[in-house]
Amino acid sequence: MTASSLVTLATCNLNQWALDFDGNVQRILESCRQAKQRGASYRLGPELEICGYGCEDHFLENDTFDHCWESLAQLLEEGATDGLMCDFGMPVLHAGVRYNCRVICNNRKVLQIRPKTAMADNGNYREGRYFTAYSTPAGSSANFPEKHLLPTTFFDQFGQRDVPFGLYHLHCADGTTIGCESCEELWTPHASHIDLALRGVEIIGNGSGSHHELRKLSTRMELMISATRKCGGVYLYSNQRGCDGGRTYYDGSAMIVVNGRIVAQAPQFDVHDVNLITATVDLEDVRSYRASNPAFGIQAARKATEEG
């Protein structure tokens, strides 16, 4: 991130396929290349983009997790994160528990692993069969986060042994704050973006695997517009686009929403494997929007007092 309040952000539709690790990596690399070409400093990808969303019972096999780490190492080695903060989606086995995670990387370093807190188990979704919803361990805090031990190849290639694991957000050197919300969490009564906004997080990325239903896109848009209209902030949404090897169609529609207004949106139906959108946002607009809302200030101050 630069020292300016202006920031260019990127999100995308990707036509990923279950267990097509080589093809998925190439599509992710292309999205990162396009993001850099358009001057972006942050790139968001879909849920479980590295392995594909529809791996089903292959999520119960350790090989799936191992291949994801191999693919992530390849992305770092090939420069996907050089000069670009990337929010990747992949499963992670932590302390013997399978989690659906966001993995934030920059300049060939893994900055954070953020596990999903609410599983989608309605309709066509069966995430609870494969993953566990994460809960913060009692007594943990941002000062003493859980640590996840990385595969030995990451130390050999990049000199990194472990990474913070949990529900934290990132503070950049210029003061910009970035957090994650994952798919189903947006749809829950106490959505993650509420606490993130009250903690001062300005940019929230939501990597999703959301399939097509009649009028579902309208509901998604309403949720994101309402979230940023109430709380302010920049909300990025990324989705798979295609069938992923299964019977459901994921309908893309990646978008960027700022203070209750959609400023960029990708197609819902198209034939491109990679469809990336960007927006240049002035974060001062977010700060002034929040500061002008007395009720937001009261709740944010209360949140700060409660968390010490």
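1. Focus: the overall build of the chain
Right, so step 1: Within the chain, the regular secondary structure consists of eight helices and 15 strands.
Right, so step 2: Taken against the 2.2 N^0.38 rule, which gives 19 Å for 308 residues, the C-alpha radius of gyration of the chain at 18 Å falls within 12% of a compact globule.
Right, so step 3: Dimensions of the chain along its principal axes, counting C-alpha atoms only, are 50 × 45 × 40 Å.
Right, so step 4: Residue burial in the chain is summarised as follows: out of 308 residues, 55% are buried.
Right, so step 5: Expressed as a percentage of contacts within the chain between residues at least 6 apart in sequence, the contacts between residues at least 24 apart total 68%.
Right, so step 6: As displayed, the chain offers around 13100 Å² of accessible surface, 50% of which is attributable to carbon and sulfur atoms.

2. Observations regarding a negative patch on the surface
Right, so step 1: On the surface, a cluster of negative charge is contributed by Glu61, Asp63, Asp66 and Glu70.
Right, so step 2: Locating Asp63 in the fold gives a position in helix H2 (residues 62-77).

3. Overview of empty space enclosed by the protein
Right, so step 1: The final tally for this structure, using the stated rule, is one cavity of 30 Å³ or more.
Right, so step 2: Of the volumes computed, that of the largest cavity is approximately 40 Å³.
Right, so step 3: Taken together, His193, Ala197, Glu202, Ile204, Ala227, Thr228, Cys231, Gly232, Gly233, Val234, Tyr235 and Arg290 make up the lining of the largest cavity.
Right, so step 4: Looking at the lining of the largest cavity, the elements that each hand over two or more residues are helix H5 (192-198), helix H6 (216-231) and strand E11 (234-242).
Right, so step 5: Sort the elements by how many residues they give to the lining of the largest cavity and H6 lands first, with three residues.
Right, so step 6: Residue composition of the lining of the largest cavity, grouped by class: six nonpolar, four polar and two charged.

4. Section: the layout of surface pockets
Right, so step 1: Estimated volume of the second largest pocket: approximately 330 Å³.
Right, so step 2: As for the second largest pocket, its lining consists of 20 residues, and the residues nearest its centre are Tyr53, Gly54, Glu56, Asn124 and Tyr250.
Right, so step 3: Partitioning the lining of the second largest pocket into residue classes produces nine nonpolar, six polar and five charged.

5. Remarks on the nonpolar core
Right, so step 1: Judged by nonpolar contacts, the single largest core of 48 residues is most densely connected at Leu72, Leu75, Phe88, Val110, Ile113 and Phe154.
Right, so step 2: Of all hydrophobic cores here, the second largest spans 23 residues; its members include Ile104, Val258, Ala279 and Val281.

Criteria and cut-off values
- Residues numbered from 1 in each chain as written.
- Predicted model: local features only at pLDDT ≥ 70, side-chain atom pairs only at ≥ 80, totals over all residues.
- Heavy atoms only, no water.
- Helix = DSSP H or I, 4+ residues; strand = E, 2+ residues; numbered from the N terminus.
- Rg over C-alpha atoms; globule rule 2.2 N^0.38 Å.
- Buried < 20%, exposed > 50% of the residue type's maximum accessible area, 1.4 Å probe, protein only.
- Contact = heavy atoms within 4.5 Å.
- Areas by Shrake-Rupley, 256 points an atom, 1.4 Å probe, with all protein chains shown as cover.
- Patch = residues over 30% accessible without salt bridge, like charges linked within 9 Å, V, L, I, M, F, W, Y side chains within 5 Å.
- Salt bridge = Lys/Arg side-chain N within 4 Å of Asp/Glu carboxyl O.
- Lys, Arg positive; Asp, Glu negative; His and termini not counted.
- Charge placed at Lys NZ, Arg CZ, Asp CG, Glu CD.
- 1 Å grid on protein atoms, 1.4 Å probe; cavity = no way out; pocket = protein on both sides within 12 Å on 5 of 7 lines; lining within 4 Å.
- Points joined across faces, edges and corners; volume = space filled by probe spheres on them.
- Nonpolar A, V, L, I, M, F, W, Y, C, P; charged D, E, K, R; others polar.
- Core = buried A, V, L, I, M, F, W, Y, C linked by side-chain atoms within 4.5 Å.

Fair warning: the whole summary comes from geometry, so function is off the table for now.
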